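Chain by chain, the residues run as shown.
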Amino acid sequence: MSTLRVGLRCDASPRRGVGHLVRCLALAEEFLARGAHVAVLGTVERLDWATAELAARGIPLHPGPDSPAELVEAARRHHLDVMVLDSYELDPAGAGALRAAGVFTLAVIDGDSRGQVADVYLDQNFGAELTGLPGRLLAGSGYALLRDSVITARPPVPPPVTAVSRPRVLAFFGGTDAVGAAPVLTRVLVATGHPMDLTVIVGRPETEAEVEDVTPGRGQVIRPVPPTTSLPTMITEADLVVSAAGTSTWELCCLGAPAALVCVVDNQRESYARVVRHGLAAGLGELPELTAAGVAGRATRAAAAQTLLGLLSSPQRRATLAGKAWSTVDGRGRARVVDAVLDAVRPAAVTG
């Protein structure tokens with residue numbers, strides 16, 4: 001059989017965030033490890049580190065086709081056998097058009113298929129279930145897409161209980177923090193009054209300026225740093241991680257990080273609620289409520305600070321979260337996804 005050719009259609013920018021690209025990158029690494037040829041079709045705007053990640057793996061970046069006809073034309077031009085669609089913005093008819101053109105199509109979704117007609121659907125969110133789809137559904141955190149850097153940093157056992165007087169806290173909110181959560185949560189962390197060594201990943205200059213304006217309390221140090229490829233190592237070295245309830249949730253689980261999550265956009269709400277309810281992470285609420293003015297906003301921020309104080313002061317509470325998270329995501333999700341694709345594509349290639 002000739003080399004399988006795979007296209008990944010996704011976009012990343014400071015406004016869109018990088019979640020779609022990061023999980024496509026994880027799939028790309030797995031396909032490459034199986035000997036496939038991989039290309040990303042999309043736009044990567046003003047994210048030098050993301051462009052460098054693609055270049056380091058030898059993955060070409062081509063302009064992203066948008067309409068169904070353009071998707072089919074691009075698939076033909078690049079001789080693609082498989083197209084992965086990971087976008088909330090593309091015309092949902094694109095998946096069906098690709099299938100009709102003989103291109104095996106995998107749609108990465110988050111609770112909503114948007115009417116796409118694909119061969120396989122992937123919803124990697126914990127407890128995901130979606131009925132009535134025309135193709136096969138790969139659902140749940142057993143299919144979480146994680147990059148090499150995360151998988152290799154996964155500890156062999158859940159992290160042990162450690163008591164520390166000044167915990168190391170890592171706060172990050174997606175690759176770009178498109179919604180400006182970092183300054184809000186930095187202030188909430190400071191409001192706990194607990195000593196900490198806080199590192200905040202800041203995706204944009206304006207966010208960095210806001211974080212630098214926060215005055216730390218006694219025994220507190222705040223250190224803003226730009227996005228970095230060493231994030232998995234920083235996660236494993238932290239005593240507590242505060243993050244958005246997006247695709248990075250599965251990285252935190254795989255690494256056994258004791259985490260407190262914030263729901264920063266609407267499409268995270270369902271997954272956030274499930275994760276918190278099952279004890280994989282602590283919940284700090286939704287960002288609009290944390291930023292609200294008046295009594296309601298103050299009450300939400302106070303409750304979040306109380307939750308964080310409980311975690312900062314209780315090694316046992318942190319260890320319980322870490323153990324449950326670690327056992328839920330084993331790092332083999334992307335292999336299961338690619339197995340499913342190859343099992344479906346190879347018989348078709350042989351009979352075709």
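Above this text sits the structure in question.
Residues numbered from 1 in each chain as written. Predicted model: local features only at pLDDT ≥ 70, side-chain atom pairs only at ≥ 80, totals over all residues. Heavy atoms only, no water.

A. Structural detail: the sheet that holds strand β11 (residues 240-244). The 6 strands are arranged β10-β9-β8-β11-β12-β13 in an open sheet whose pairing can be described as parallel. Bordering the open sheet on either side are β10 (220-225) and β13 (282-286), each of which pairs with just one other strand. The sheet shows a mean angle of 15° between the axes of neighbouring strands, taken without regard to direction. With 4 bridges connecting them, strand β8 (residues 168-172) and strand β9 (residues 196-201) associate as parallel partners. Paired with valine 169 across the bridge in β9 is leucine 198. Against the sheet, helix α12 (residues 294-313) engages β8, β9, β11, β12 (259-263) and β13, with an angle of about 160° to β13. (Pairing = 2+ DSSP bridges. Helix = DSSP H or I, 4+ residues; strand = E, 2+ residues; numbered from the N terminus. Axes fitted to C-alpha atoms, helices over the stretch in contact; angles between N-to-C directions. Contact = heavy atoms within 4.5 Å.)

B. Quick peek at helix α3 (residues 68-77). Of the positions making up α3, those classed as buried are Pro68, Leu71, Val72, Ala74 and Ala75. All buried residues of α3 project into a common sector of 165° when viewed along the axis, lining one side. Looking at α3, the residues exposed on the side facing more than 90 degrees away from the buried face are Ala69 and Arg76. Close packing links the buried residues of α3 with β1 (5-9), β2 (37-41), β4 (82-85) and α4 (93-100). Downstream of α3 by one or two residues, histidine 79 has phi in the positive range, about 55°. (Buried < 20%, exposed > 50% of the residue type's maximum accessible area, 1.4 Å probe, protein only. Arc of directions from axis to C-beta.)

C. Inspection of the layout of surface pockets at higher detail. Of the voids in this model, the largest pocket is the one considered here, and its volume is about 1000 Å³. Every residue lining the largest pocket is counted, 48 residues in all, and those nearest its centre are Gly17, Val18, Gly19, Gly174 and Thr247. When residues of the lining of the largest pocket are traced back to their parent elements, those giving at least two are α1 (19-33), α2 (48-56), α8 (231-237) and α9 (248-254). For the lining of the largest pocket, the element with the most residues is α1, which contributes 4 residues. Of the residues contributing to the lining of the largest pocket, the split by class is 18 nonpolar, 18 polar and 12 charged. (1 Å grid on protein atoms, 1.4 Å probe; cavity = no way out; pocket = protein on both sides within 12 Å on 5 of 7 lines; lining within 4 Å. Points joined across faces, edges and corners; volume = space filled by probe spheres on them. Nonpolar A, V, L, I, M, F, W, Y, C, P; charged D, E, K, R; others polar.)

D. Quick look at the sheet that holds strand β5 (residues 104-108). An order of β3-β2-β1-β4-β5-β6-β7 is seen for the 7 strands of this open sheet, with the pairing classed as parallel. Edge positions in the sheet fall to β3 (61-62) and β7 (136-139), since each has one partner strand and no second. Sheet topology note: the strand β6 (residues 120-123)/β7 ladder contains 4 bridges and is parallel. Considered in β7, the bridge of tyrosine 121 is made with leucine 137. Strands in contact with α1 are β1, β2, β4 and β5; relative to β1, the strand with the most contacts, it is inclined by about 175°.

E. Seen up close, the nonpolar core. In terms of nonpolar packing, the biggest core is built from 38 residues, with Leu27, Phe31 and Val84 touching the most fellow members. When residues of this core are traced back to their parent elements, those giving at least two are β1, α1, β2, α2, β4, β5, β6 and α14 (333-351). In terms of residue count, α1 provides more of this core than any other element does, 8 residues in total. Excluding anything up to four places from it in sequence, leucine 27 contacts Leu8, Val84, Leu106, Leu145, Arg334, Val337 and Val338. Ranked by size, the runner-up nonpolar core spans 33 residues in total, among them Val169, Val184, Val202 and Leu321. (Core = buried A, V, L, I, M, F, W, Y, C linked by side-chain atoms within 4.5 Å.)

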